[in-house]
Amino acid sequence: MFLRKWDRGLIYLPLVLILFVTGLSMDGKLFSLEPGFFGILRFIADGATGIFYFTGKLLGTGTGDILSMGYEYGNTFLYTAGLINMLLILDTYDISRGNRE
């Protein structure tokens, strides 16, 4: 908003939302903070979607069905949505510092 990059925002917001909704529709699980290295990584990747993660948790979606055919694919879509969102945050930081346009 402050950087006047509306075109990027209008492209990437629906992208992250579509990945998130697709992951949930494929019975992916929204992981909470769990002990262990991979438990922390799963939480960070899922939680990086921000408002989508907290909305999904509040609505009770993202419980995941491990017997579903799309469970692992759904998790992968959810992780990808969060990681893309983290890359966008780093990109915004670089633009604000003047390292990129």
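Residues numbered from 1 in each chain as written. Predicted model: local features only at pLDDT ≥ 70, side-chain atom pairs only at ≥ 80, totals over all residues. Heavy atoms only, no water.

The helix and strand tally for the protein chain stands at four helices and zero strands. Reading the protein chain from its N end, one meets helices and strands in the order α-α-α-α. Expressed along its principal axes, the backbone C-alpha trace of the protein chain runs to roughly 45 × 30 × 20 Å. Per-residue burial over the protein chain gives 28% buried out of 101 residues. Taking as baseline every contact in the protein chain between residues at least 6 positions apart, the subset at least 24 positions apart corresponds to 77%. Of the roughly 7000 Å² of accessible surface on the protein chain, a fraction of 69% belongs to carbon and sulfur atoms. Computed over 8 positive and 9 negative side-chain charges, the separation of the two mean positions in the protein chain equals 8 Å. (Helix = DSSP H or I, 4+ residues; strand = E, 2+ residues; numbered from the N terminus. Buried < 20%, exposed > 50% of the residue type's maximum accessible area, 1.4 Å probe, protein only. Contact = heavy atoms within 4.5 Å. Areas by Shrake-Rupley, 256 points an atom, 1.4 Å probe, with all protein chains shown as cover. Lys, Arg positive; Asp, Glu negative; His and termini not counted. Charge placed at Lys NZ, Arg CZ, Asp CG, Glu CD.)

Counting residues in each nonpolar core, the largest one holds nine residues, listed as V16, L19, F20, L30, F52, Y53, L78, A81 and L88. Setting aside chain neighbours within four positions, we find F20 in contact with L30, T49, F52, Y53, L78 and A81. (Core = buried A, V, L, I, M, F, W, Y, C linked by side-chain atoms within 4.5 Å.)

A positive phi angle, close to 65 degrees, is found at D27, a residue other than glycine. In this fold, D27 is placed in the loop between α1 (6–25) and α2 (37–47). By relative accessible area, which is 30% here, D27 ends up partly exposed.

Let us look at the packing of α2 against helix α4 (residues 71–97). Where α2 meets α4, the closest approach of the two axes is 6 Å, and the angle between their N-to-C directions is 70 degrees. Of the possible angle classes, the one that applies to α2 and α4 is roughly perpendicular. Relative to α4, the crossing made by α2 is left-handed. In this structure, α2 uses R42, I44, A45 and D46 to contact α4, whose residues at the interface are L78, Y79, G82, L83 and M86. For the contact of α2 with α4, the class distribution of residues is six nonpolar, one polar and two charged. (Axes fitted to C-alpha atoms, helices over the stretch in contact; angles between N-to-C directions. Parallel < 35°, antiparallel > 145°, perpendicular 65-115°, else oblique. Left-handed = near helix turned anticlockwise from the far one by under 90°. Nonpolar A, V, L, I, M, F, W, Y, C, P; charged D, E, K, R; others polar.)

Moving on, we come to a nonpolar patch on the surface. A cluster of nonpolar side chains, L33, I40, I44, L83 and M86, forms an exposed patch at the surface whose accessible area comes to about 430 Å². Within the residue set of the nonpolar patch, elements represented by two or more residues are α2 and α4. Turning to its location among the elements, I40 is positioned in helix α2. (Patch = residues over 30% accessible without salt bridge, like charges linked within 9 Å, V, L, I, M, F, W, Y side chains within 5 Å. Salt bridge = Lys/Arg side-chain N within 4 Å of Asp/Glu carboxyl O.)

Further remarks concern the pattern of salt bridges. Enumeration over the complete set of coordinates arrives at one salt bridge. Where E34 meets R42, a salt bridge forms, and the shortest distance between an N and an O atom there is 2.9 Å. R42 sits in the partly exposed class, given a relative accessible area of 27%.

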